[in-house]
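Understanding the architecture of this molecule
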Amino acid sequence: MMLNRNAEALFWIGRYMERAENHARLIDVHYHIQHEGDFAHEEHKWSRLVDAFGAREDYLQQFELFTERDVLSFITLDRGYPNSLFACVSQARANLRTIREKVPSELWEAVNSFYLWLGERQVSDILEAGPNLFYRQIKEKVAVFQGLEHSVMQREQEWHFIESGRFLERAENTVRILQSVLGAISADRAAPYPYLIAVLKSVSGYQAFRRVYADALSGTHIIEFLLTRESFPRSVYFSFLQLEEHLKEIAGYEGAGDYSNHERALRKAGKLKAELGCLDREELALERTGILLQQLTEGCRTLGRTMADTFFRLEVAL
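Attention in this report is confined to the structure presented alongside it. (Residues numbered from 1 in each chain as written. Predicted model: local features only at pLDDT ≥ 70, side-chain atom pairs only at ≥ 80, totals over all residues. Heavy atoms only, no water.)

**Overview of the overall build of the protein**
Selection rule: Comment: elements are numbered from the N terminus, with helices defined as DSSP H or I runs of at least four residues and strands as E runs of at least two. The size measure is the radius of gyration over C-alpha atoms, and the globule rule it meets is 2.2 Å times the number of residues to the 0.38 power. Accessibility here uses a 1.4 Å probe with only protein chains present; expressed as a share of the type maximum, an area under 20% marks a residue as buried, one over 50% as exposed, and anything in between as partly exposed. When checking whether two residues touch, look at their non-hydrogen atoms; a contact exists if any pair is within 4.5 Å. In these tables, accessible area is a Shrake-Rupley quantity obtained with a 1.4 Å probe, and a residue counts as shielded only by the protein chains included in the view. Charged-residue counts in this description rest on Lys and Arg as positive and Asp and Glu as negative, His and the chain ends being excluded. Note on charges: their place is set at NZ of Lys, CZ of Arg, CG of Asp or CD of Glu.
Counting its regular elements, the protein contains 15 helices and 0 strands. Compactness check: the protein gives a C-alpha radius of gyration of 20 Å against a globular reference of 20 Å for 318 residues, within 12% of the reference. Dimensions of the protein, computed from C-alpha atoms along their principal axes, come out at roughly 60 × 50 × 35 Å. Each of the 318 residues in the protein was classed as buried or not, and the buried ones make up 54%. Restricting to contacts in the protein with at least 6 residues of sequence separation, those with at least 24 account for 69%. Per element, the accessible surface of the protein, about 14600 Å² overall, is 46% carbon and sulfur. The positive charge centre, built from 38 side chains, and the negative charge centre, built from 46, are 1 Å apart in the protein.

**What to know about the packing of helix α1 (residues 4-34) against helix α8 (residues 131-152)**
Note the cut-off: Here an angle of 0 to 180 degrees is reported between the N-to-C directions of two axes, which are lines fitted to C-alpha atoms, with helices fitted over the stretch in contact. Each angle gets one of four labels, with under 35 degrees taken as roughly parallel, over 145 as roughly antiparallel, 65 to 115 as roughly perpendicular, and the rest as oblique. Definitions for this section: a left-handed crossing has its near helix turned counterclockwise from the far helix by less than a right angle. A right-handed crossing has that turn clockwise. Just so you know the grouping, Ala, Val, Leu, Ile, Met, Phe, Trp, Tyr, Cys and Pro go in nonpolar, Asp, Glu, Lys and Arg go in charged, and all remaining residues, Gly too, go in polar.
The geometry of α1 relative to α8 is characterised by a closest axis approach of 10 Å and an angle of 155° between their N-to-C directions. Classified by the interaxial angle, the pair formed by α1 and α8 is roughly antiparallel. Handedness of the α1/α8 crossing: left-handed. Across from Ile 13, Met 17, Glu 18, Ala 20, Glu 21, Ala 24, Arg 25, Ile 27, Asp 28 and Tyr 31 in α1, the residues of α8 making contact are Pro 131, Asn 132, Tyr 135, Ile 138, Lys 139, Val 142, Phe 145 and Gln 146. The residue makeup of the contact of α1 with α8, split by class, is 11 nonpolar, 2 polar and 5 charged.

**With respect to the environment of Phe 240**
Looking at the element boundaries, Phe 240 is found in helix α13 (residues 236-252). Between the C-alpha atom of Phe 240 and that of Leu 107, which follows or precedes it by 133 residues, the distance is 25 Å. Contacts of Phe 240, omitting those with residues within four sequence positions, involve Ala 171, Ala 269, Leu 272, Lys 273, Leu 276, Leu 296 and Cys 300.

**Thoughts on the pattern of salt bridges**
To keep things clear, this is the line we draw: Salt bridges are counted wherever a side-chain nitrogen of Lys or Arg sits within 4 Å of a carboxyl oxygen of Asp or Glu.
For the structure shown, the criterion picks out 15 salt bridges. As a salt-bridge pair, Glu 21 and Arg 234 come within 3.5 Å of each other at their nearest N and O atoms. Taken as a pair, Glu 21 in helix α1 and Arg 234 in the loop between α12 (219-228) and α13 lie far apart in primary sequence, 213 residues in all. There is no split in this pair, since Glu 21 and Arg 234 are both buried. Connected through shared salt-bridge partners, Arg 15, Arg 19, Glu 169, Glu 172 and Arg 176 make up one network.

This is how it looks when you write it as structure tokens:
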């Protein structure tokens, strides 16, 4: 059985790399919905993006106004804000450094080169290249890491811990993107459909959605697809499904009995998945979605704490 500190490092590598990609997707959504709402006030549209990250207090410690340059610099490149995109990649790299001998060297090379590339960027690079192109590069660099992880890692505990972190983070961030957009719809008193289409496009789900629903387009259908579609890899249900499978694999390894309460994490993941699978379409109506998303957010956080208690906090400090 691997040491708990190694398991925790692997879990957070998965989370931080997924978080970096989802930051890029959240920013992409913001640029899409700028064209749909009333953004007569420059500060309003950029403060909204900071609020989507839950970072207003941290931001105002450094900046007085909400401008495109300052906001993009802060949430992408800032080295003091612990949830910036750069901080996510840096944390993934730091965790990977501690266990380099446990994983293929290609993973270190991918993350280290990503870190070095991002560390050399300035906000002017984002604005000159165009945010769409810049954040597409971010998603591509994360995809390189994930592709290597899938193609070269043995299907042993190390891989399952990385994937567990990745899918817990993905579920939580898909919910966060939806919450951000529903907040924009409410604030702008706007028709929801164009905003929700922006979410679909940001998670690369527009074509897949049209294949399922054809021309039967509605806000409820989009929410249903993003939350409960079993075959779409960025849906919340798919994320819980994958997380449950990886936890089963971890529990099945010889020596897993050392984790005396691993069934708790497995049950919680299974419960979240089952509850999503049992939702009726009426429960996915736009006016009821806010409460559901808040419940899912809390469920993800509770599951994360349970996994930490189960897998990462068993060693006694000497």
